[in-house]
Amino acid sequence: PSPEIALLDGMAEDPSEEVRLAVLATIMWTGESLLRATLLRNDPSVQVRAALAASLERFTGPATKTALKVVVSLLEDAAPAVRASALATLMASTDSAGLDAFAHAWPKTALDARFALRKEPRGARLTLQLASQLANTTEASLRRAAVIAVSALGCDGFHERLLPSLRDPSPEVRIAVIQAC
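What you are looking at is a predicted structure, and each value in this text was computed from that prediction instead of being measured. (Residues numbered from 1 in each chain as written. Predicted model: local features only at pLDDT ≥ 70, side-chain atom pairs only at ≥ 80, totals over all residues. Heavy atoms only, no water.)

A.B. asks: Please clarify how the packing of helix 5 (residues 46-55) against helix 7 (residues 80-92) should be interpreted in this entry.
C.D. replies: Between two packed helices, both the angle of their axes relative to each other and the distance between the axes serve to describe the pair. With their axes 8 Å apart at the nearest point, helix 5 and helix 7 run at an angle of 5° to one another. With respect to helix 7, the element helix 5 is oriented roughly parallel. In this structure, helix 5 contributes Val-46, Arg-49, Ala-50, Ala-53 and Ala-54 to the contact, and helix 7 contributes Ala-81, Val-82, Ser-85, Ala-86 and Thr-89. In terms of residue class, the contact of helix 5 with helix 7 is made up of seven nonpolar, two polar and one charged. (Axes fitted to C-alpha atoms, helices over the stretch in contact; angles between N-to-C directions. Helix = DSSP H or I, 4+ residues; strand = E, 2+ residues; numbered from the N terminus. Parallel < 35°, antiparallel > 145°, perpendicular 65-115°, else oblique. Contact = heavy atoms within 4.5 Å. Nonpolar A, V, L, I, M, F, W, Y, C, P; charged D, E, K, R; others polar.)

Encoded structure:
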């Protein structure tokens, strides 16, 4: 591994939660560093595990599918805040597989994680991003997933962002809007 990765490996096991959070805030995710995410995925701190899920939103490049697998694995975490952070990261993914994974996971999501998602700090930004996707995506399944995601975030004014989709050519999208509102 590169010297930076080797240094971060040690810091990811630091006894200080603040140090581990700082590692997550600064790490540049690559395929190589992603392999080290397992250490933090099993961290005893809920805050560190939730930060891990959020930090994976920054992941781009050819190993995005692998990063999404790590995020999906965090949906099994015991803490609702970690599961909510993972759901938000799936919504935010630049890869359409992330939004698909969110849509697949959402029906099985427990109420505690659903409530935690409503408090997600990235909610307003994600709502705007998803509303843009909803307006500009040609694939009906992704538009439907975007509707479900916007509704799941429940940010102020989300209904107004969804109402134009009542005229969507896809009945699945229109049904999702009706169910969301």
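A.B. asks: Would you explain the packing of aromatic side chains in this entry?
C.D. replies: To describe a pair of aromatic rings, one takes the distance between the centres and the angle between the planes. Considering all chains together, one arrives at one aromatic pair under this definition. Over the aromatic face of Trp-106 sits the side chain of Arg-114, whose NZ or CZ is 4.1 Å from the ring centroid. (Phe/Tyr/Trp six-rings, centres within 6.5 Å; stacked < 30°, edge-to-face > 60°. Lys NZ or Arg CZ within 6 Å of the ring centre and 35° of its normal.)

A.B. asks: So what exactly am I meant to see when it comes to the nonpolar core here?
C.D. replies: Soluble globular proteins: nonpolar side chains tend toward being buried together. Counting 54 residues, the largest nonpolar core has Met-91, Leu-99, Phe-102, Leu-117, Leu-130, Val-147 and Leu-162 as its most contacted members. Ranked by residue count, the leading element in this core is helix 11 (residues 140-153), at nine residues. Apart from the residues lying within four places of it in its own chain, the contact partners of Val-147 are Leu-134, Leu-162, Val-173, Ala-176, Val-177 and Ala-180. (Core = buried A, V, L, I, M, F, W, Y, C linked by side-chain atoms within 4.5 Å. Buried < 20%, exposed > 50% of the residue type's maximum accessible area, 1.4 Å probe, protein only.)

A.B. asks: Can you walk me through the pattern of salt bridges in this structure?
C.D. replies: A pair can form between side chains of opposite charge whenever their charged atoms are brought close. Across all of its chains, the model carries eight salt bridges by this definition. Residue Arg-49 is joined to Asp-77 by a salt bridge in which the shortest nitrogen-to-oxygen separation is 2.6 Å. Pair noted here: Arg-49 is in helix 5 and Asp-77 is in the loop between helix 6 (64-73) and helix 7, with a separation of 28 residues, a long-range link. The pair formed by Arg-49 and Asp-77 is uniform in burial state, with each residue classed as buried. Note that Asp-112 and Arg-83 form a salt bridge whose closest N and O atoms lie 2.4 Å from each other. You can see Asp-112 sitting in helix 9 (residues 111-118) and its partner Arg-83 sitting in helix 7, a full 29 residues away along the chain. (Salt bridge = Lys/Arg side-chain N within 4 Å of Asp/Glu carboxyl O.)

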